Amino acid sequence: MKHNLILRITAKLLIPYIILFALYVQFHGDFGPGGGFQAGVIFSAAFILYTLVYGLATAQRTIPLWILQRLASFGVLIYIGTGVAGLLLGGEFLNYSLLADAPITGQHIGILVIELGVGITVASVMIMIFFLFAGRGRP
Amino acid sequence: MIDLLIDITLLAFLLVTAIAIIRIHSLFAIVMLFGIFSLSSAGLFVVMDAADVAFTEAAVGAGISTVLMLATLALTRQHDEKRTAKHLPILPLLVVLVTGAALIYGTLDIPAFGDPDAPAQQHVAPHYLNRAVEETGVPNIVTAVLASYRGFDTLGEVTVIFTAGVGVFLLLARRSKKERERGTHRET
């Protein structure tokens, strides 16, 4: 699809908005429907569209496999780290109430941070799986 | 009334798609029909006011899985083998009928949709519904339950996704690297 002008232009127009929507879903998940999981999938959809239109090599120059590998683990570590932070502050594992002075603020911070971890892991794993699948067929 | 109409329409779509998936032999068409099936289910979830579930179903079921299955198709065959039945499928039909009858019999006891007296709504749900905003300050109770009350479960889910990624990486990454080396070798 590398030489299809209409596809390339349309994709170029669409991708920023898909990423913007993913970020909206990510950070607005505590007020509206959505959250890290959905946001991660939408974010990866933007990259998959980019890969489909511009080719695997270009996409892997933008975001190489080794970065995706580390990001996937990083997201899980953020999640576990938030849990351990609650533990270190004298509460239970994944108790966010102690992360700030007021329990509600702590809960809010905790939920935002772990949703971010979920989003990072989901997005990078989805992109990674697609890269690996797409990279297999070609010599 | 309008909800009922939408429900019937979407369920009819689901039925038609499911039958088409069974009958069709082109794997490409089946993958597309799977996407339509997921989208219809997402519509059903919206009618049931489960916006978060609908969102996930539309994004994962209709979006990512379709792309991944297409990517898999690109590596494998486009058609499955046409099988002709050598005998009358009486035993499978019997099993299907008995199982279906048992399931329908089971639905007779299920509480009505959204019934507040249903056992599932009696355990921790009242606490979440009454106290979630107060305790977490998050208006979307689904997020409050997912990320805070049931944070440990969600950690498990993230770990499952991470493990899936690691598994695919271990299975496919080394091979594709070898192939890439071969490719560069041929170019030089």
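Heads up: these notes are all about the structure in this document.

On the side of chain B, 43 residues touch chain A, which itself brings 45 residues to the contact. Secondary-structure elements contributing two or more residues to the side of chain A that touches chain B are α2 (36–54), α4 (65–88) and α5 (103–136) of chain A. The element that contributes the greatest number of residues to the side of chain A that touches chain B is α5 of chain A, accounting for 21 residues. For the side of chain A that touches chain B, the class distribution of residues is 26 nonpolar, 16 polar and three charged.

Residue and element names in this part refer to chain B. At a closest axis distance of 10 Å, the pairing of helix α5 (residues 125–136) and helix α6 (residues 141–149) adopts a crossing angle of 70°. When the axis of α5 is compared with that of α6, the two are roughly perpendicular. Residues Tyr128, Leu129, Ala132 and Thr136 of α5 touch α6, and the partners they reach there are Ile141, Ala144, Val145, Ser148 and Tyr149. Of the residues contributing to the contact of α5 with α6, the split by class is seven nonpolar, two polar and no charged.

This part is about the environment of Ile78 of chain A. Residues and elements named next belong to chain A. Mapping Ile78 onto the fold places it in helix α4. For the pair formed by Ile78 and Ile120, sequence separation is 42 residues and the distance between their alpha carbons is 9.4 Å. Discounting residues that sit within four places of it in the chain, Ile78 has contacts with Val113, Leu116, Gly117 and Ile120.

Parameters at a glance
- Residues numbered from 1 in each chain as written.
- Chains lettered and ligands numbered in written order.
- Predicted model: local features only at pLDDT ≥ 70, side-chain atom pairs only at ≥ 80, totals over all residues.
- Contact = placed C-beta atoms within 7 Å.
- Helix = DSSP H or I, 4+ residues; strand = E, 2+ residues; numbered from the N terminus.
- Nonpolar A, V, L, I, M, F, W, Y, C, P; charged D, E, K, R; others polar.
- Axes fitted to C-alpha atoms, helices over the stretch in contact; angles between N-to-C directions.
- Parallel < 35°, antiparallel > 145°, perpendicular 65-115°, else oblique.

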